[in-house]
Amino acid sequence: MNREGILIVISGFSGAGKGTLMKRLVEEYDGYALSISATTRKPRPGEKDGREYFFLSREQFEQKIADSALIEYAQYCDNYYGTPREYVEKELSEGHDVILEIEIQGALKIREQYPDALLLFVSTPSAKELRRRLSGRGTETQEVIDQRLRRAAQEAEGMEEYDYIVINDDLETCVRELHEIIHAAHFTPGRNKAFIEKMRKELEEN
Ligand code: ADP
Ligand code: 5GP
């Protein structure tokens, strides 16, 4: 039986480990397509255009909005971030599980447009550990770190909107848990409508 692709949203506090988890998830398991977002923020050292993000000017980003080339976008700490439409639609139509690593405003917009999307929220075990990881990453100034921690407190208000909360304590355990949740999501009745229809029809004719 053909599996239907699931649109998966992964959100979580900045520094919780989303980027690290996604990298491990696609290394470890087949069948995931990772969407690359567009952003107006500047690349961090080591980040490459077209790999972590498509790095755009404000004008270029606003043109994408005008062209309806993004399925969602949001402002986060003074920058635009958005999901290019073409890749997501293509991969879903080919039956792949597509992962969007996006913040909460975008996540809620995705849920409106794709009611079957699976929304996962990644957290550290504690706020102290979040501060430690954000500082330890060494890619932001203290001012930006403080801004992101304030933003985390706001984002915590939305945690109940998600389908699952996943705690990134031990990295490998968390990667496995994410995969298991996504795997199990393929078996819900709502994502197997075609199979249910088929069985009903066959049983009627049996
Ligand atoms: P995000 O993408 O959520 O902002 P990152 O993936 O950049 O977070 O991770 C933030 C920092 O925390 C990085 O330095 C990363 O190496 C570290 N990190 C990620 N997961 C873990 C973990 N399970 N245990 C310890 N450190 C981690
Ligand atoms: P960072 O600057 O740390 O890479 O990302 C900042 C925040 O923007 C993170 O919470 C990340 O999940 C979110 N983000 C990344 N890409 C997108 C996107 O395409 N849309 C939305 N709404 N948020 C995004």
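In this report, the structure presented in the accompanying data block is examined.

What counts, and at which threshold
Residues numbered from 1 in each chain as written. Chains lettered and ligands numbered in written order. Predicted model: local features only at pLDDT ≥ 70, side-chain atom pairs only at ≥ 80, totals over all residues. Heavy atoms only, no water. Helix = DSSP H or I, 4+ residues; strand = E, 2+ residues; numbered from the N terminus. Buried < 20%, exposed > 50% of the residue type's maximum accessible area, 1.4 Å probe, protein only. Contact = heavy atoms within 4.5 Å. Polar contact = N/O pair within 3.5 Å; in protein donor to acceptor, adjacent residues only side chain to side chain. Pairing = 2+ DSSP bridges. Axes fitted to C-alpha atoms, helices over the stretch in contact; angles between N-to-C directions. Near = heavy atom within 4 Å. Areas by Shrake-Rupley, 256 points an atom, 1.4 Å probe, with all protein chains shown as cover. Nonpolar A, V, L, I, M, F, W, Y, C, P; charged D, E, K, R; others polar. Patch = residues over 30% accessible without salt bridge, like charges linked within 9 Å, V, L, I, M, F, W, Y side chains within 5 Å. Salt bridge = Lys/Arg side-chain N within 4 Å of Asp/Glu carboxyl O.

1. Considering the side chain of Ser123
Secondary-structure assignment places Ser123 in strand S8 (residues 118-123). What makes Ser123 buried here is its relative accessible area of 9%. Sequence-distant contacts of Ser123, defined by excluding residues within four places in its chain, comprise Phe13, Ala16, Met159, Val166, Ile167 and Asn168.

2. Description of the environment of Glu47
Within the secondary structure, Glu47 sits in the loop between strand S3 (37-39) and strand S4 (53-55). Taking relative accessible area as the criterion, Glu47 reaches 19% and is therefore assigned buried. Non-local contacts of Glu47, meaning those with residues more than four positions away in its chain, are made with Arg41, Lys42, Glu52 and Phe55. A polar atom in the side chain of Glu47 sits 2.8 Å from the backbone nitrogen of Arg44.

3. Concerning the sheet that holds strand S7 (residues 97-101)
In space, the five strands of this open sheet follow the order S2-S7-S1-S8-S9, with parallel pairing throughout. Looking at which strands have only one partner, the edges of the open sheet turn out to be strand S2 (32-34) and strand S9 (164-167). Taking each pair of neighbouring strands and ignoring which way they run, the sheet shows an average axis angle of 30 degrees. Along the sheet, helix H3 (residues 85-93) contacts strand S1 (7-12), S2 and S7; its crossing angle with S7, the most-contacted strand, is approximately 150 degrees.

4. Some details on the site of ligand 1
Looking at ligand 1, there are 13 residues lining it, with Gly15, Lys18, Thr20, Arg137 and Asn168 nearest. A distance of 2.9 Å is found between an oxygen atom of ligand 1 and a backbone nitrogen or oxygen belonging to Gly19. Arg137 is positioned with one of its side-chain polar atoms (N or O) 2.8 Å from an oxygen atom of ligand 1. For ligand 1, whose unbound accessible area comes to 570 Å², protein coverage reaches 74%. Only helix H1 (18-28) and helix H5 (127-137) provide two or more residues apiece to the shell around ligand 1. With three residues, H1 is the largest single contributor of residues to the shell around ligand 1. Taken together, the residues of the shell around ligand 1 sort by class into three nonpolar, six polar and four charged.

5. Concerning a nonpolar patch on the surface
Taken together, the side chains of Phe195, Met199 and Leu203 make up a nonpolar region of the molecular surface, amounting to roughly 260 Å² of accessible area. By secondary structure assignment, the location of Leu203 is in helix H8 (residues 193-205). A residue is classified by how much of its surface remains accessible, and Leu203, at 54% relative accessible area, is exposed.

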